[in-house]
Amino acid sequence: MWRRSFSSSSSAGATSALKDKKWDALVIGGGHNGLTAAAYLARGGLSVAVLERRHVIGGAAVTEELVPGFKFSRCSYLQSLLRPSIIKELELARHGMKLLKRSPSSFTPCLDGKYLLLGPNKDLNHSEISKFSKQDADAYPRYENQLEKFCEFMDPLLDSAPPESLQCESSCSVGDRIKNKMHNSVFWARCLRQAATLGQKDMVDFMDLLLSPASKVLNNWFESDVLKATLATDAVIGTTGTVHTPGSGYVLLHHVMGETDGEHGIWSYVEGGMGSVSLAISNAAKEAGAHIVTCAEVQQLLINDSGTVNGVLLADGSQVHTSMVLSNATPYKTFKELVPDNVLPDDFINAIKYSDYSSGTTKINLAVDKLPQFKCCKLSHPDAGPQHVGTIHIGSESMEEIHSACQDAVNGLPSQRPVIEMTIPSVLDNTISPPGKHVINLFIQYTPYSPSDGHWGDPVYRESFAQKCFNLIDEYAPGFSSSIIGYDMLTPPDLEREIGLTGGNIFHGAMGLDSLFLMRPVKGWSNYRTPLHGLYLCGSGTHPGGGVMGAPGRNAARVALEDVNKPLK
């Protein structure tokens, strides 16, 4: 039975309760970052209400039953990036989050009959890679060790606000300015100590990874096409870039910096789907006293005569009052759609307007009556094997195949041979599908927001692209198409309309080198505060970026609490 507890109160009584008091803080959007922010604000003693536009909480980390009996992780589909500090501090295991580790974690079938399995087992990795290159098999542990070292260097940066220069230099007290400079000095001193620990050679290699195309990084390490292509998918996932795009090496690092139960780089399924992550966080928030309301769409922020936040106007005409708002919406939606015109500085608005929100991502969720049988495995029994457990890479046997798929989208066309990441969570999670049947997630690239040869609103055009994806999978797993019971497809415009992701970008904005750390979401405003007093950002459009990480929500709440607790002058 579908767990109705994923939704929170949405009755007229709940809306009435919102209007009956002035809240210490309101959170716009019940995605995982918004819920995380609410949990920390409530634990800090504030009265907090979360306002979610949809009928279900979770944002992109959501579970929905779209085909009877099948529960889909409709957008995000794997867990690894959620910060250990959040899991521990909010006691998410106690609140119902159960992680299902995947081993092996990756399977790449090849049309020539070969395949590559990778995972946490070092002996398996060496044996599998040796089928393609003994040299690569020997190099792979060194590659993993280097990335892990870089992740350890990055780790402390994720759990703190960037050291932004004080945004009120002219109006703040001398004490505040001195405190800010001391805080920033401590931050940079810590970074220098870490850099010294890393050493000059590793630091140069780290900078090379940040600035280089993923293709250069991987070509320097390996020679076999299938290994490089399997690893390269982490460098392009969710982006409109190719493996040859400068800076794609950082995206590769971003997707390996997570962990499961202390094991670095291990991705897991979540029992009950990704909505269980959001549900566990919401349970922690509610236990701390937060109030969560669904079907409560915010139409506009209310600004008082002094130019500070005074509350929000809901789509039903209700007003909810507060002096602090944290927005989990994208930066574009927050500042261009929710903030009234002529309130923010022109240069700030222009920076937000011209940020990159492009997307090449489509998600297809399928209900199937049997597991795909990959012909390279030469197995015909219906039971799950190691090839079904991890991420299955379809249509990416070389980096040039990934590049060609991207070039199609650059030319305005959905990829002729899309890059597909297939996952089958029901192999490890028996709570999301009927016995003998399975849930399959397809994360697909590249699909332009506005194709030049058709329109995503055209059912025939949509079906044609879906069939193209299914036919590609048939090449590797004959008969796959015939196993489909039903499916749900989210193209970039669908992700924008349904989930609120501007441009369909799953990270709330591109994660290029010009939009990270002190540049995210825009230069001068990286510490979750905004030019509008009382308004904070807490979503993936802020540092440290996208993925089901929770860090933006936690960091933003801590900054807001710090501001609230400042002594009155």
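These remarks concern the structure in this document. In this text, all values refer to a predicted model and were calculated from it rather than measured experimentally.

1. Section: the overall build of the protein
Within the protein one finds 17 helices and 22 strands. The C-alpha atoms of the protein give 23 Å as radius of gyration, which agrees with the globular expectation for 569 residues (25 Å, within 12%). The principal-axis extents of the C-alpha atoms in the protein amount to approximately 75 × 55 × 50 Å. Counting over 569 residues, the protein shows a buried share of 59%. Counted over contacts in the protein with a minimum sequence separation of 6, partners at least 24 positions apart contribute 73%. Accessible area for the protein stands at about 22300 Å²; split by element, carbon and sulfur atoms hold 52% of it. If the 50 positive side-chain charges of the protein are averaged to one point and the 59 negative ones to another, these points end up 4 Å apart.

2. Regarding the pattern of salt bridges
Under the defined criterion, the tally for this structure stands at 21 salt bridges. As a salt-bridge pair, Arg-74 and Glu-498 come within 3.3 Å of each other at their nearest N and O atoms. Pair noted here: Arg-74 is in the loop between strand S5 (70-73) and helix H3 (84-89) and Glu-498 is in helix H16 (residues 492-499), with a separation of 424 residues, a long-range link. When its relative accessible area of 7% is taken as the criterion, Arg-74 is described as buried. Ionic pairing is found between Asp-494 and Arg-497, a salt bridge with its closest N-O pair at 2.8 Å. On the criterion of helical spacing, the pair formed by Asp-494 and Arg-497 is a turn pair, its members being 3 residues apart in helix H16. For Arg-497, a relative accessible area of 52% puts it in the exposed group. Several salt bridges share partner residues, and in doing so they unite Arg-54, Glu-64, Arg-74, Asp-488 and Glu-498 into one network.

3. Regarding the sheet that holds strand S20 (residues 438-445)
Within the open sheet, the 7 strands sit side by side as S8-S7-S18-S19-S20-S17-S21. Their pairing is mixed. Lying at the two open borders of the sheet, with one neighbouring strand each, are strand S8 (115-118) and strand S21 (484-490). Taken pair by pair, the neighbouring strands of this sheet meet at an average axis angle of 20 degrees, ignoring direction. Sheet topology places strand S7 (residues 106-109) next to strand S18 (residues 391-394); 2 bridges connect them, and they run parallel. Within the sheet, the bridge partner assigned to Ser-106 lies in S18 and is Thr-391. Set on the sheet, helix H9 (residues 225-236) makes contact with S7, S8, S18, strand S19 (419-423) and S20; between it and S8 the angle comes to about 55 degrees. Strand contacts of helix H15 (residues 459-476): S7, strand S17 (361-368), S18, S19, S20 and S21, with the helix running at about 125 degrees to S21, the strand carrying the most contacts.

4. Focus on a nonpolar patch on the surface
On the surface, Val-174, Ile-178 and Met-182 cluster together to form a nonpolar patch covering roughly 300 Å² of accessible area. Accessibility expressed as a relative area gives 53% for Val-174, which makes it exposed.

5. Notes on the packing of aromatic side chains
Under the criterion given, the structure shown has 20 aromatic pairs. Each ring, one from Phe-335 and one from Phe-348, has its centre 4.8 Å from the other, and the planes form 90 degrees; the classification is edge-to-face. Of this pair, Phe-335 sits in helix H12 (residues 331-338) while Phe-348 sits in helix H13 (residues 346-353), and the two are 13 residues apart along the sequence. Here the two residues Phe-335 and Phe-348 agree in accessibility, since each one is buried. The interplanar angle of 85 degrees and the centroid separation of 6.2 Å between the aromatic rings of Phe-348 and Trp-525 together place this pair among those described as edge-to-face. Residue Phe-348 is found in helix H13, and its partner Trp-525 is found in the loop between H16 and strand S22 (535-537); the two are separated by 177 residues along the sequence. In this structure an aromatic cluster arises from ring pairing among Tyr-140, Tyr-143, Trp-221 and Phe-222. The ring centre of Trp-23 lies 4.2 Å from the NZ or CZ of Lys-21, which sits over that ring. Here the basic side chain of Arg-102 rests over the ring of Tyr-269, its NZ or CZ set 5.3 Å away from the ring centre.

6. Considerations on empty space enclosed by the protein
Under the definition given, this model contains 3 cavities of 30 Å³ or more. Roughly 70 Å³ of internal volume is contained in the largest cavity. Forming the boundary of the largest cavity are Ser-73, Tyr-77, Tyr-269, Val-270, Gly-273, Met-274, Pro-425, Asp-429, Ile-432 and Asn-441. Looking at side-chain class alone, the lining of the largest cavity contains 6 nonpolar, 3 polar and 1 charged residues.

7. Here's the deal with H12
Listing the buried residues of H12 in full gives Pro-331, Thr-334, Phe-335 and Leu-338. Summarising the axial view, the buried residues of H12 lie within an arc of 120 degrees, below the 170-degree limit, and thus occupy one face. Buried residues along H12 sit in contact with strand S2 (25-28), strand S13 (298-303), strand S16 (325-327), H13 and S22.

8. Brief notes about the packing of helix H4 (residues 122-130) against helix H5 (residues 134-158)
In a packed pair of helices, the relevant descriptors are the angle between the two axes and the axis-to-axis distance. Look at H4 against H5: their axes get within 7 Å of each other, and the N-to-C directions meet at 145 degrees. Here H4 and H5 pass one another in a crossing that is right-handed. Of H5, the residues touching H4 (which contributes Lys-122, Asn-125, His-126, Ile-129 and Ser-130) are Lys-134, Asp-136, Ala-137, Asp-138, Tyr-140 and Glu-144. Residue classes in the contact of H4 with H5 are distributed as 3 nonpolar, 3 polar and 5 charged.

Rules used throughout
Residues numbered from 1 in each chain as written. Predicted model: local features only at pLDDT ≥ 70, side-chain atom pairs only at ≥ 80, totals over all residues. Heavy atoms only, no water. Helix = DSSP H or I, 4+ residues; strand = E, 2+ residues; numbered from the N terminus. Rg over C-alpha atoms; globule rule 2.2 N^0.38 Å. Buried < 20%, exposed > 50% of the residue type's maximum accessible area, 1.4 Å probe, protein only. Contact = heavy atoms within 4.5 Å. Areas by Shrake-Rupley, 256 points an atom, 1.4 Å probe, with all protein chains shown as cover. Lys, Arg positive; Asp, Glu negative; His and termini not counted. Charge placed at Lys NZ, Arg CZ, Asp CG, Glu CD. Salt bridge = Lys/Arg side-chain N within 4 Å of Asp/Glu carboxyl O. Pairing = 2+ DSSP bridges. Axes fitted to C-alpha atoms, helices over the stretch in contact; angles between N-to-C directions. Patch = residues over 30% accessible without salt bridge, like charges linked within 9 Å, V, L, I, M, F, W, Y side chains within 5 Å. Phe/Tyr/Trp six-rings, centres within 6.5 Å; stacked < 30°, edge-to-face > 60°. Lys NZ or Arg CZ within 6 Å of the ring centre and 35° of its normal. 1 Å grid on protein atoms, 1.4 Å probe; cavity = no way out; pocket = protein on both sides within 12 Å on 5 of 7 lines; lining within 4 Å. Points joined across faces, edges and corners; volume = space filled by probe spheres on them. Nonpolar A, V, L, I, M, F, W, Y, C, P; charged D, E, K, R; others polar. Arc of directions from axis to C-beta. Left-handed = near helix turned anticlockwise from the far one by under 90°.

By themselves, these figures tell us nothing about what the structure is for.
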